[in-house]
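# Architecture at a glance
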Amino acid sequence: MINVFFVDDEERVLNSFKRLLQLSRNSYRFHFFLSGKEALASPVEPVVLITDAKMPEMDGYELIRRMKARFPSLVTVMLTGMVDPENPEHTDCDHHLEKPCDIQDILSLLPGKD
Amino acid sequence: MGAGTLFHQIAATPRNGLSILTARIDADGKVYRANKRMEDIILDSGLPKPLSFYRLFSGTFPRDYPTRRLQSPGKDHLSIKTLMIEGKPIFHLCLEERNRDDQSINFFALPFDKESILRLLQNYLLLEGHYNSSPDMVICVDQTWRITDINRAGYQKLGFKSHKEAVGTSLTEIAVLSLQTMDFLTKALTGANPVTDFEILLKNRAGEYIAGIASIFRRLSLKENLTLFYLHIKDMTRLTEAFTGQVQMNMELAELNNELNQAYASILSQEKMAALGLLAAGMAHEINNPLGFIFNNVTVLMNHCHDLQHYVESVRELYGNSPDPRMADIESLDKKLDLTFLFDDAQAVQCENQEGIERIKKILNSLKSFARKDQTDELTYYDINRAVQDTLTIAKNEYKYTIDVHEVYGEVERFLCYAAEINQVILNLLLNSVEALDRQKDPSEKRTLWVETKQDDQFTYLTVKDNGPGITVETVHRIFDPFFTTKSAGTGSGLGLTLAHDIVVNKHKGTLVYKPWEKGASFIVSLPRSLKIQEEEE
């Protein structure tokens, strides 16, 4: 089972994805978190991390940096309202998706089942 | 102003009963004509006639006086002499002038007490000094307009080497005698009053014009009974030039001011665009999240509906076959609630919602690219032909089957630009034309789009032309305004042309102009080939 972490500080966004992903009959196991802190506290080892960029306390870039340090082979996907070219850290993530994005866009980025 | 003029001026002033002496003396020194007063003195002297002038005023005039006077340069000679009249020495202001024939001398003597003469002389010297040092021209002419006297400023300004050279010249040679000037001169000639402050145009020996303000007054010359006219002319040339210069400067200033206003308007517009960009970015960001979950939830809701419908259909199968009387109630409830309609309508509602969300997404994308315009992107050498081809491919979905596209590619060298933004410009212009062609309702016109590129030394050109309905006169001035759109609600953000204009004009220092043609609209983009050089200069 591939564990996918999904982090967004807005519960409604998280809920909507939760519903959609449940419907999409995929074989991934999604874990939803409302903050980077929660995600880091999880005992589960993720294969994929999908995170919102702009979040209070810890932003998506920081979260990716910390998770990558812990799981070097982690696949990371950043969701942003807008690409900020001034911030060079966006190059640290493997994939980049602009909101609003389609569930198919997200699923297409996930690695195949091993 | 010669000595004679002064003498005649003094002679014309009241002298408290003292009488002027006049005599004409020939080259031998004989007095052969004298006025009454002189005759009296001659009679009193008891000397024989023809009387020798030397003997009459012995001790005052040398024996060779007439010869010396006749040979000396200058026409007039003014002096103060003590003449013995009736045994008494009396100060006289004496004027000796040669007659025209140079054979005789006119002698005038004004008896004065010493102090009066000195005072007069002082005044005269003052006047003379002023006369010659004045920056204004004083020209004395006779009735035939010949110059009889002229001050230093006069002959110098008129380009004469000396006073002597100027005297005798006709006024017609040094003045442009327009009808108006002639009118003033004639007035002075015939009237008693001076004519003042009229404009006169003089022409000096070098052919240069002198603009002046003149006054003319006449004065009777005592000797020879001549009427002389004094022209007092103030040189206004420099003032006129200064004025003309001022006018020129004012014009330049006005032009500069105009440029400044345009630059200001351009800066203002850029500022507005920047502010709008920020606003757009902020808005896009804020709308993204709620739009995201609404979009997701609508999909989920459709799914839920679908499941529910599936369930209802299963139940319907049940009550068709079931003997249970409660099933009839369920069936009637189904009919009462019109569940068939409800599911169909829910489907329609969801579809419309999704369409609405798609539209919002489109607008957000426009806003985002609008806000993003100044950011990334570096100057690169770019092939505009390639760019047009690529963009046509991307936009193909918008125009295939319905529109003929004619592509004319000129020989175009790569040029420096912000490539992604130029793509945006091309795309926006293409979509703009495609949209216009969609509104082309005339079936006899095959909807056609022309794209043409070319280049000259300075610019790379792109023309996008269509045979759509064109742009009305009422709206043409607003086509580049943000959020201005003639497209039906929901199909356009009204930012396409604004964005294109901003990219071309503000970012690339080029021009984007709309040009109507007989059958539709055309947009012409000119992009300077030397963009980088320009930026470095700035």
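The structure this text deals with has already been given above.
Scope of this entry: the structure provided in the associated data block. Along each chain, residues carry numbers from 1 onward, in the same order as the chain's sequence is written. Working convention: letters from A go to chains and numbers from 1 go to ligands, in the order in which they are written. The model is predicted, so local features are restricted to residues of pLDDT at least 70 and side-chain atom pairs to those at 80 or more, both for listing and for counting; the totals for chains, interfaces and linings are taken over all residues. Where side-chain values are given, they derive from all heavy atoms of the structure, hydrogens and water being excluded.

All names here are of chain B. For Ala395, the position within the fold is in the loop between helix 13 (384-394) and helix 14 (396-399). Sequence separation between Ala395 and Val434 is 39 residues, and the spatial gap between their C-alpha atoms is 9.5 Å. Whether two residues touch is decided by their heavy atoms; if any such pair falls within 4.5 Å, the residues are in contact. When residues no more than four places from it in sequence are discounted, the contact partners of Ala395 are Leu427 and Leu431. The way it works is that DSSP assigns letters per residue, a run of H or I at least four long becomes a helix, a run of E at least two long becomes a strand, and they are numbered from the N terminus.

All names here are of chain B. Remark: helix 15 (residues 419-438) packs on helix 16 (residues 496-507), axes separated minimally by 9 Å, with the N-to-C direction vectors making an angle of 140°. Helix 15 and helix 16 meet at a crossing whose hand is left-handed. Seen from helix 15, the contacting residues are Glu421, Gln424, Val425, Asn428, Leu429 and Asn432; seen from helix 16, they are Gly496, Leu497, Leu499, Ala500, Ile503, Val504 and Lys507. In this classification, Asp, Glu, Lys and Arg are treated as charged, Ala, Val, Leu, Ile, Met, Phe, Trp, Tyr, Cys and Pro as nonpolar, and every other residue, Gly included, as polar. In terms of residue class, the contact of helix 15 with helix 16 is built from seven nonpolar, four polar and two charged. What counts as an axis is a line fitted to C-alpha atoms, over the stretch in contact for a helix, and the angles between N-to-C directions run from 0 to 180 degrees. Handedness of a crossing is defined here by the sense of rotation of the near helix relative to the far one, left-handed for an anticlockwise turn of less than a right angle and right-handed for a clockwise turn.

All names here are of chain A. For the exposure calls, accessible area comes from a 1.4 Å probe over protein chains only, and a residue counts as buried if that area is under 20% of its type's maximum, exposed if over 50%, partly exposed in between. Those residues of helix 3 (residues 60-70) that fall on the buried side of the exposure criterion are Gly60, Tyr61, Leu63, Ile64 and Met67. Down the axis of helix 3, the sector holding all buried residues measures 160°, keeping them to one side. Residues of helix 3 that are buried sit in contact with strand 1 (2-7), helix 2 (36-41), strand 3 (48-52) and strand 4 (75-80). Summarising the geometry, the arc corresponds to the directions from the helix axis toward the C-beta atoms.

Residue and element names in this part refer to chain B. The patch calculation keeps residues exceeding 30% relative accessible area without a salt bridge and links them within 9 Å when they carry like charges or within 5 Å when they are nonpolar (Val, Leu, Ile, Met, Phe, Trp, Tyr). Accessibility throughout is a Shrake-Rupley quantity obtained with a 1.4 Å probe, and a residue counts as covered only by protein chains that appear here. Here a salt bridge means any side-chain nitrogen of Lys or Arg lying within 4 Å of a carboxyl oxygen belonging to Asp or Glu. The grouping of Leu279, Met283, Ile287 and Ile360 at the surface amounts to a nonpolar patch, some 320 Å² of accessible area in total. With three residues, helix 10 (residues 237-321) is the single largest residue contributor to the nonpolar patch. Relative to the helices and strands, Ile360 is located in helix 12 (residues 339-372). Among the residues examined, Ile360 registers a relative accessible area of 35% and is labelled partly exposed.

Another aspect to go through is the pattern of salt bridges. One pass over the full model with this rule turns up 15 salt bridges over all chains. Arg65(A) is paired through a salt bridge with Glu62(A); the nearest N and O atoms lie 3.1 Å apart. Of this pair, Arg65(A) and Glu62(A) both sit in helix 3, three residues apart, roughly one helical turn. Note that Glu331(B) and Lys335(B) form a salt bridge whose closest N and O atoms lie 3.5 Å from each other. With Glu331(B) and Lys335(B) both in helix 11 (residues 326-337), this residue pair falls four residues apart, about one helical turn. By relative accessible area, which is 30% here, Glu331(B) ends up partly exposed.

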